[in-house]
Amino acid sequence: MQNNTENNILAAVDPTSIESIKSDYNSLDIGLGRGVYVSTYGCQMNVNDTERMYSLLEMAHFNPVQTPEEADLIIINACSIREKPVHKVYSEVGRYKKLKDKNPNLKIGVGGCVGQQEKEKLIKQQPLIDFVFGTDNIDNLPNLVSQVYETKGKEKIINAKFEHRAPYHVETLVRNPGVSTFVNIAKGCDNFCTFCVVPYTRGREKSRPLSHVVMDVRTLVQRGVKEVTLLGQNVNSYHTDNGAGGEYDFADLLKKVATDTDIERIRYTTSHPKDFNEKLMHVMADHQDKICEYVHLPFQSGSSSILEKMNRGYTREIYLEKIALMKKYIPNLVLSTDIIVGFPGETEADFQQTLDLVKEVQFETIFAFMYSPRPFTKAAQFTDQIPEYVKNQRLNHLFEVHEKMAFELVKKYQDQTLQVLVESINEQGKAQGRSTQNKLVYFMGTKELIGKTVPVRITQAFPSVFRGELCQ
Ligand code: SAH
Ligand code: SF4
Ligand code: F3S
C-alpha cells in the first residue's frame, strides 16, 4: 500500500515539500549550533507549529534546547483565544531580561496568533523583542532569523502577512514522531463566530490537497506512527478539488486515509456541528476498525438565541438531532465539547439551557470557558456584556454539575477491557496509552509494548484518567 514513487514525485514538483525545504535551509548555516527554545501556548495547531519551527531551525543548524537559560534564540509561540495573551507575552519577555543582559547575542521573537494579531505593536511596547512573525510565515522563519542576526539586533524585523494566494502545502514536519502524531489538513476559518479571533489570526480557510494528506500519512506510517489526528480549526469544512470538476469533502478524506494507508488509528479535531453531516457519520460507522469512536463537537451554548448571536449556524434542536443521529450510526460514540459561559446577553435561563444540554447529552468530558472579549470580533462590541463575577459563578456551577455527572458516567468502564495504544513507559514500568475512546490509561507493562495496541482491563475509572491491568 505504501507508494514511494508518488512520494518522490510530490517532492519533485512541490516546492514546499520537506525535501526542497531541507535543501534550501541546509545551506543556510545561520544556526552555528546556537541553542533555540520555543515557548508554546494554545491549541494543538500551535503545538504542531512549534514542532515545525524546531524542525526548520534544526535544518538551519540551530540546536533545540530544553530551557530558555540554554538558548541563544527564544521564540514565544503565543495564543490569543482568551484572556490577556499580550500581557502574558510581555511578562514572559520581561523574565528574559536578565538572560539578555548576560548574553547580548540572545534574540527574542514572538509568533503564533499573538504575533499575527499584534504585529509591530509588540515591539513598540516591549523593545526586548527582536522580531515578530505571523501564522503564515513559519516556513520563512530561518530566513527571518538570519536577517535578525545580520542586523545584529539594530533593526527589528516584522513578517506577519497572510499568504492569501499561496496554496496550503504543509507536509508534516516532526523530528521524532512518536506513536501518535497530528497532521494538519486545513488552516484558517471563514465562520466568523462573533466571539472568536481565529479568523483574524489564522486567515482564510484553506485545505491541503487530498493526495498530499494521504501521502503524508503513509510517510508517517513508514516512520513508525500508529495513530494520526487530522487537524484543522474546522476539519469537517475541509474541501478540495477532486480533479473531475467536483470536490472532495472531509468524509472523502477520512475514508481515503482509512482505506489507502496502513495507519492503525485515526482521530480528528475540531469538528463543527453545522458541517457534521450524515455522510461523515456513515464513513465513521463503516471504518470503525480504524476511525476512533470519540468525537469532540463543541456546542458553545445550549440556548438557540445565544447560538444565533454567536453566529454558530445551528440551533439547540439541530445540535441534539445530530447527536441522536450520530449515536444511531455509532452506538458506542464518546463525546466531548467546548462551552462558553457569560456570552453577552446570556440570561440565567440561557445558562440553564446550557446546563440542561450537558446533562441531556451526557458528555464525558467538557472544556468550558468564561467569555472573553477579543480584538476585531463583533461580540466585543455588544453592549450587554456580563459582569466577571457572574461569568465566574456560572463557570464554577457548570464544572460542579459536570464533575458529579462525569464520575457516574465513567463507572461503566470499570472492569471493561479497552484497546490501548501504548505511547510510553517510565523507569518504573508504568505504561501510558490511550484507548479508542480517548481515555488516558495507565498500567504496568514493558518497553516492547510501545507502539502496540493491547487489551487493558480497567480497575479504576476517574473522569480524566483510568488505571488498569494488561490482559495476558
Ligand atoms: N473551531 C472550533 C473552536 C476553536 S477555539 C469550533 O468552532 O468549535 C476553541 C474553543 O475556545 C472554542 O470552542 C470556544 O469554546 C473557546 N473560545 C473561543 N473564543 C473564545 C472567547 N472569546 N472567549 C471564551 N472562549 C472562547
Ligand atoms: Fe472560531 Fe468559530 Fe472558526 Fe471555531 S468555527 S475557529 S469558534 S470562528
Ligand atoms: Fe490560540 Fe491561535 Fe490556536 S488563538 S487556540 S493558538 S488558533
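The rules behind the values
- Residues numbered from 1 in each chain as written.
- Chains lettered and ligands numbered in written order.
- Predicted model: local features only at pLDDT ≥ 70, side-chain atom pairs only at ≥ 80, totals over all residues.
- Heavy atoms only, no water.
- Pairing = 2+ DSSP bridges.
- Helix = DSSP H or I, 4+ residues; strand = E, 2+ residues; numbered from the N terminus.
- Axes fitted to C-alpha atoms, helices over the stretch in contact; angles between N-to-C directions.
- Contact = heavy atoms within 4.5 Å.
- Salt bridge = Lys/Arg side-chain N within 4 Å of Asp/Glu carboxyl O.
- Buried < 20%, exposed > 50% of the residue type's maximum accessible area, 1.4 Å probe, protein only.
- Domains from an automatic or database assignment.
- Buried area = accessible area lost by both parts, 1.4 Å probe.
- Expected span 1.5 Å × (residues − 1).
- Arc of directions from axis to C-beta.
- 1 Å grid on protein atoms, 1.4 Å probe; cavity = no way out; pocket = protein on both sides within 12 Å on 5 of 7 lines; lining within 4 Å.
- Points joined across faces, edges and corners; volume = space filled by probe spheres on them.
- Phe/Tyr/Trp six-rings, centres within 6.5 Å; stacked < 30°, edge-to-face > 60°.
- Parallel < 35°, antiparallel > 145°, perpendicular 65-115°, else oblique.
- Nonpolar A, V, L, I, M, F, W, Y, C, P; charged D, E, K, R; others polar.

Turning our attention to the sheet that holds strand S15 (residues 334–341). Taken in spatial order, the 3 strands line up as S14-S15-S16 in an open sheet, and their pairing is parallel. Only two strands of the sheet have a single neighbouring strand rather than two, namely strand S14 (294–296) and strand S16 (365–370). When the angles between neighbouring strand axes are averaged without regard to direction, this sheet yields 10 degrees. Contacting S15 and S16, helix H16 (residues 388–409) crosses the sheet at an angle of about 170 degrees to S16.

Opposite charge on two side chains allows them to pair when their charged atoms are near. The final tally for this structure, using the stated rule, is 26 salt bridges. Among the salt bridges present, the one from Glu51 reaches Arg175, with a minimum N-O distance of 2.9 Å. With Glu51 in helix H3 (residues 44–59) and Arg175 in the loop between strand S6 (157–159) and strand S7 (180–184), this residue pair connects regions lying 124 residues apart in the sequence. In this structure Glu51 comes out as buried when scored by relative accessible area, which is 17%. With relative accessibility at 26%, the residue Arg175 sits in the partly exposed group. One salt bridge connects Lys274 with Asp275, and the closest N-O pair in it is separated by 3.2 Å.

This part is about the domain arrangement of the chain. Structurally, the chain comprises domain 1 (3–159), domain 2 (177–292), domain 3 (300–412) and domain 4 (414–470). Of note, the centres of domain 3 and domain 4, computed from C-alpha atoms alone, are 30 Å apart. Taken together, the contacts link 7 residues of domain 3 with 8 residues of domain 4. Between domain 3 and domain 4, the buried area comes to about 650 Å², and carbon and sulfur atoms account for 58% of it. Of all residues in domain 3, Phe407, Val410 and Lys412 give up the largest surface area on contact with domain 4, accounting jointly for 57% of the area buried on that side. Seen at the junction of domain 3 and domain 4, the total is 1 salt bridge.

In this model helix H15 (residues 348–361) runs 20 Å from its N-terminal to its C-terminal C-alpha over 14 residues, within 8% of the 20 Å that 1.5 Å per residue would give. Within H15, burial applies to Asp350, Phe351, Thr354, Leu355, Leu357, Val358 and Val361. For H15, the arc enclosing every buried residue in end-on projection is 155 degrees, short of the 170-degree limit, so these residues lie on one face. Along H15, the residues that are exposed and aim more than 90 degrees away from the buried face are Glu348, Ala349 and Glu360. Here the buried face of H15 lies against helix H13 (304–310), helix H14 (316–329), S15 and H16. Downstream of H15 by a residue or two, Gln362 has a phi angle that is positive, lying close to 60 degrees.

Right, let's get into empty space enclosed by the protein. Enumeration over the complete set of coordinates arrives at 1 cavity of 30 Å³ or more. Volume-wise, the largest cavity comes out at about 30 Å³. Along its surface, the largest cavity is lined by Asp136, Phe162, Glu163, His164, Lys187, Arg202, Gly203, Arg204 and Lys206.

For the rest of this paragraph, the subject is the packing of aromatic side chains. Using the criterion set out here, one finds 12 aromatic pairs in the structure. Geometrically, the ring pair formed by Phe195 and Phe343 is edge-to-face, given 6.4 Å between the ring centres and 85 degrees between the ring planes. Placement of the pair is Phe195 in the loop between strand S8 (186–187) and helix H9 (198–201) and Phe343 in the loop between S15 and H15, with a sequence separation of 148 residues. Phe343 carries the same exposure label as Phe195, and that label is buried. Seen from their ring centres, Tyr200 and Phe376 are 5.4 Å apart, and the 40 degrees between their planes marks the pair as tilted. You can see Tyr200 sitting in helix H9 and its partner Phe376 sitting in the loop between S16 and H16, a full 176 residues away along the chain.

Take the packing of helix H11 (residues 250–260) against helix H12 (residues 278–286) next. In contact at an axis separation of 9 Å, H11 and H12 are set at 10 degrees when each is read in the N-to-C sense. The pairing of H11 with H12 is recorded here as roughly parallel in orientation. Only Lys279, Leu280, Val283 and Met284 of H12 make contact with H11, whose side of the interface consists of Phe250, Ala251, Asp252, Leu254 and Lys255. The class makeup of the residues in the contact of H11 with H12 is 6 nonpolar, no polar and 3 charged.

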